[in-house]
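For reference, the chains in residue letters:
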Amino acid sequence: MKQSQKQAIGFIVWAAAIVGGLIWLKEFDEIHDGRITSTATEVVRFATEEGQLVSREDPLERLLPGDPVFLAEDDGTFRQVGRIDQRDQDDGSVDVVWYEPSIEAEACQMFQHHSTGRLSEVVEIMMPAEKRRRIQDQMALAMSRHGDEISKSFVPLVRQTLKQSLPVIEDEFRAAVARHRGEIDQMAGRWNDEVVEKRLIPLARREILPIVEKHGRGPAEEIGQEIWNRASLWRFGWRALYDKTPLPRKDLVQEEWQRFVANEAMPVVEDHMDDIVVAIQRTLQDVAANQAIRRELGEVTDQIASDAQSRRLIQSILKETFVENDRLQTVWRQVWSSPEAEAAFEVAGSRLEPVVRGIGDEIFGSEATGIDPNFARVLRSQILQKDRRWVVAWHTGANSGAIEVASKKMPYPMVYLADEN
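What you are looking at is a predicted structure, and each value in this text was computed from that prediction instead of being measured. (Residues numbered from 1 in each chain as written. Predicted model: local features only at pLDDT ≥ 70, side-chain atom pairs only at ≥ 80, totals over all residues. Heavy atoms only, no water.)

### Description of the overall build of the protein
Phase 1 of the analysis: Scanning the protein from N- to C-terminus turns up 13 helices and nine strands.
Phase 2 of the analysis: Here the protein, with 421 residues, has 29% of them falling under the buried criterion.
Phase 3 of the analysis: Considering only contacts in the protein between residues 6 or more positions apart, those separated by 24 or more positions represent 73%.
Phase 4 of the analysis: Of the roughly 28100 Å² that the protein leaves accessible, carbon and sulfur atoms contribute 58%. (Helix = DSSP H or I, 4+ residues; strand = E, 2+ residues; numbered from the N terminus. Buried < 20%, exposed > 50% of the residue type's maximum accessible area, 1.4 Å probe, protein only. Contact = heavy atoms within 4.5 Å. Areas by Shrake-Rupley, 256 points an atom, 1.4 Å probe, with all protein chains shown as cover.)

Printed below as a string of structure tokens:
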């Protein structure tokens, strides 16, 4: 067979296949309300760059050539009707290729969106409110059924971990403090000069002492007067003279003082204990309610918390105590790799595996439903670095001449090129 005959036969086969495919697509399209025709038309328009060129201002100068433009439909869906073509370096405007002939670009307001790529945004996209509610319901149902059994398996392990860890943590904390003693003393001296002497002591004199005097002066004077009335100058006087003599005993004043405190002073204090408690309560209430004290203590706390040297020192001590503590890691490894721990994990796994699989299907999708659209958005944005910027056009009948910055966040529009069913 000649080469020309082979080419002719091949051409006829391919032509027949194309015609048959078009006939099948036409019948399929009629069943699905012309959706394939519409989609094919949009693809052809986009590929051939058919459409008009519209210039719009870009306030943030963030949009780049190739960023898509979507049209918001009345039913809440979106379809791509254009893209950013190029940027004018002189005035910061951008050209939009608009290939939707049924709607004029000048009759649409345009709003630009962008993806920050932050973890909070990823969580917000993958876990919208309705999905979070479904997952919470699944977890609540699982825990209501198996929570007691799982707790009984793990509580002894947690108790054992804490019991064996606390002595190790205490020992390492003391050792860490000892290793940083010089830094601690230096920092304490600096804070004593900067905070205690210059701020806290003046605060106590200015605000706290007047409150203490207000509530404590009455009971203190009354207690002091009663104790003074019970004191015997004669008993103290002759004992003081005796202690000055060369006689053997030299502690009569001390002995009399101890007797006086135990037999005279303490009973007076005990009789006025209710007054003392009331005075302390009122003092603490006024101190807590004093705005000047609260403001000053808040500023002191912020000053200490924001101090770089203090943060580094605390981080070093905590890191050495918990993270770099080999003994602590050994304790945890022994407890959580024991036969008891393996049995607890087996119980939890067998009880929670169905709900974990269900949550995985909610987040990532399943064989029955396919990849979850929100998970697909995150993959394209985070892994492929796609869909970082887009524009949404709303057919309002007017426009501001700019692609305004959207005030509300929205996920990247999901556009289906085939029937969802």
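### Focus: helix α4 (residues 129-179)
Phase 1 of the analysis: Helix length check: α4, at 51 residues, gives a terminal C-alpha distance of 49 Å against a target of 75 Å (1.5 Å per residue), a shortfall beyond 12%.
Phase 2 of the analysis: Along α4, the sharpest kink reaches roughly 65 degrees, centred on His146. (Expected span 1.5 Å × (residues − 1). Bend = angle between axes of the 7 residues up to and from the residue.)

### Some points on the environment of Pro219
Phase 1 of the analysis: Among the secondary structure elements, Pro219 is positioned in helix α5 (residues 181-230).
Phase 2 of the analysis: As for Pro219 and Asp274, which are separated by 55 residues in sequence, their C-alpha atoms are 9.9 Å apart.
Phase 3 of the analysis: Setting aside anything within four residues of it in sequence, one finds Pro219 in contact with Asp275 and Ala279.

### Comments concerning the nonpolar core
Phase 1 of the analysis: Membership of the largest hydrophobic core comes to 16 residues, with the highest contact counts inside it found for Val69, Ile84, Trp98, Met110, Val391, Ala393 and Ile403.
Phase 2 of the analysis: Residue assignment for this core shows that the elements contributing at least two residues are β2 (68-72), β3 (78-87), β4 (93-98), β5 (108-114) and β8 (389-395).
Phase 3 of the analysis: In this structure, Val391 is in contact with Leu63, Pro68, Val69, Phe70, Ile84, Met110, Phe111, Gln112 and Ile403, ignoring residues within four places of it in sequence.
Phase 4 of the analysis: Counting residues in hydrophobic clusters, the runner-up holds 11 residues, among them Leu157, Val168, Ile169 and Ala348. (Core = buried A, V, L, I, M, F, W, Y, C linked by side-chain atoms within 4.5 Å.)

### Quick look at the packing of α4 against helix α11 (residues 326-336)
Phase 1 of the analysis: Their axes nearest at 9 Å, the elements α4 and α11 cross at an angle of 165 degrees. One way to sum up the angle between α4 and α11 is to call them roughly antiparallel. By crossing handedness, the relation of α4 to α11 is classed as right-handed. Across the interface between the two elements, Phe154, Leu157, Val158, Gln160, Thr161, Gln164, Ser165, Val168, Ile169 and Asp171 of α4 pack against Arg327, Leu328, Val331, Trp332, Val335 and Trp336 of α11.
Phase 2 of the analysis: Its residues placed into classes, the contact of α4 with α11 shows 10 nonpolar, four polar and two charged. (Axes fitted to C-alpha atoms, helices over the stretch in contact; angles between N-to-C directions. Parallel < 35°, antiparallel > 145°, perpendicular 65-115°, else oblique. Left-handed = near helix turned anticlockwise from the far one by under 90°. Nonpolar A, V, L, I, M, F, W, Y, C, P; charged D, E, K, R; others polar.)

### Notes on the sheet that holds β8
Phase 1 of the analysis: Read across the open sheet, the seven strands follow the order β1-β4-β3-β2-β8-β5-β9; overall the sheet is mixed. The sheet terminates laterally at β1 (52-57) and β9 (403-405), the two strands that pair on one side only. Neighbour-to-neighbour, the strand axes of this sheet turn through a mean angle of 35 degrees, independent of strand direction.
Phase 2 of the analysis: In this sheet, β4 lies alongside β1 in antiparallel orientation, the contact comprising six bridges. For Leu53, the partnering residue across the bridge sits in β4 and is Val97. (Pairing = 2+ DSSP bridges.)

### Notes on helix α12 (residues 339-364)
Phase 1 of the analysis: When the local axis directions of α12 are compared, the greatest deviation, roughly 50 degrees, occurs at Leu352, which is followed within four positions by the proline Pro354.
Phase 2 of the analysis: All buried positions along α12 are accounted for by Ala341, Ala344, Ala348, Val355, Ile359, Glu362 and Ile363.
Phase 3 of the analysis: Of the surrounding secondary structure, the elements contacted by the buried residues of α12 are α3 (119-126), α4, α11, β6 (365-366) and α13 (373-383).
Phase 4 of the analysis: Gly365, located one to two residues past α12, shows a positive phi value of around 105 degrees.

### Focus on the packing of α4 against α12
Axis angle and axis distance: for two packed helices, these are the angle between their axes and the distance between the axes, and together they describe the pair.
Phase 1 of the analysis: At a minimum axis separation of 9 Å, α4 and α12 run at an interaxial angle of 180 degrees. By the criterion of interaxial angle, the relationship of α4 to α12 is roughly antiparallel.
Phase 2 of the analysis: Of the residues that constitute the contact of α4 with α12, the class distribution is 15 nonpolar, four polar and six charged.

### Describing the packing of aromatic side chains
Phase 1 of the analysis: Under the definition given, this model contains six aromatic pairs.
Phase 2 of the analysis: Geometrically, the ring pair formed by Phe364 and Phe375 is edge-to-face, given 4.9 Å between the ring centres and 80 degrees between the ring planes. Of this pair, Phe364 sits in helix α12 while Phe375 sits in helix α13, placing them 11 residues apart in sequence.
Phase 3 of the analysis: The class for Phe364 is partly exposed, based on a relative accessible area of 42%.
Phase 4 of the analysis: Relative to Tyr412, the ring of Trp390 has its centre 5.2 Å away and its plane inclined at 80 degrees; by these criteria the two rings are edge-to-face. In this pair, Trp390 sits in strand β8 while Tyr412 sits in the segment after β9, placing the two residues 22 residues apart along the sequence.
Phase 5 of the analysis: Judged by relative accessible area, Trp390 falls into the buried class, the value being 3%.
Phase 6 of the analysis: The class for Tyr412 is buried, based on a relative accessible area of 16%.
Phase 7 of the analysis: It is Arg190 that lies over the ring of Trp191; its NZ or CZ is 4.8 Å from the centre. (Phe/Tyr/Trp six-rings, centres within 6.5 Å; stacked < 30°, edge-to-face > 60°. Lys NZ or Arg CZ within 6 Å of the ring centre and 35° of its normal.)

Coordinates in, geometry out; function isn't part of it.
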